[in-house]
Amino acid sequence: MKPHNAPIILVESDPGWPKAFEREAHRIRSILGDKIIQLEHVGSTSVPGLCAKPIIDMLLVVENSADEMSYVPALEAAGYPLRIREPEWFEHRMFKGPDIDINLHVFSAGTSEVERMLRFRDWLRSNEGDRDKYAQVKRSLAETTWRHVQHYADAKTSIIQEIMERANAKCNTLRQQT
């Protein structure tokens, strides 16, 4: 991990973030074509009204993220360097963008983390109270000097779990009603 040794810079929600996502999504679709099962805008930049680090988080679902030969060479040739390989965590891979700051997270189809990321995003989009609570915690944590950005992300775990419990409970209630 590259040392950060600074507070986290958060900015207010930017209406240009969805357009930046669409531009990158179009480029990635042109690179990978039918290897893409799902490509989504996730993370705080995907939630209107939520402060965020100005980095577009993208979720790419492929058949098997561990099968790197099926997608890594094409992405790297197009300027997307592979930065993180986590086989122990859902076979996660993460790439950076060629000319804008993105995190392209790659997971296999059917991985529970995909559903969790989308549920969290969708819940924050529709629940102003939890969106505000999450923003408050993020702002408070961002003021700390963090040795690594991952430590800031880890420090948000308890608020994310709290919010996910409410989102999951609502989802379970809706399932029971159908």
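Not measured: the values here are computed from a predicted model.

1. Observations concerning the environment of Tyr152
With respect to the helices, strands and loops of the structure, Tyr152 is situated in helix α5 (residues 149-155). Taking relative accessible area as the criterion, Tyr152 reaches 1% and is therefore assigned buried. With 10 residues separating them along the chain, Tyr152 and Ala142 place their C-alpha atoms 7.3 Å apart. Filtering out sequence-adjacent residues up to four positions away, Tyr152 remains in contact with Ile8, Leu10, Lys53, Lys138, Leu141, Ala142 and Trp146.

2. So, the pattern of salt bridges
Per the counting criterion, the structure on display carries 17 salt bridges. Measuring nitrogen to oxygen at the nearest pair gives 3.5 Å for the salt bridge that ties Glu24 to Arg23. Accessibility expressed as a relative area gives 0% for Glu24, which makes it buried. A salt bridge links Arg27 to Glu24, with the shortest nitrogen-to-oxygen separation between them at 2.3 Å. Remark: Glu24 and Arg27 occur in helix α1 (residues 17-32); sequence separation between them is 3 residues, near one turn of the helix. The exposure class assigned to Arg27 is partly exposed, which follows from its relative accessible area of 22%. One continuous salt-bridge network, built from bridges that share partners, spans Arg23, Glu24, Arg27 and Asp99.

Quick notes on the rules
- Residues numbered from 1 in each chain as written.
- Predicted model: local features only at pLDDT ≥ 70, side-chain atom pairs only at ≥ 80, totals over all residues.
- Heavy atoms only, no water.
- Helix = DSSP H or I, 4+ residues; strand = E, 2+ residues; numbered from the N terminus.
- Buried < 20%, exposed > 50% of the residue type's maximum accessible area, 1.4 Å probe, protein only.
- Contact = heavy atoms within 4.5 Å.
- Salt bridge = Lys/Arg side-chain N within 4 Å of Asp/Glu carboxyl O.

None of this, on its own, says anything about what the molecule does.
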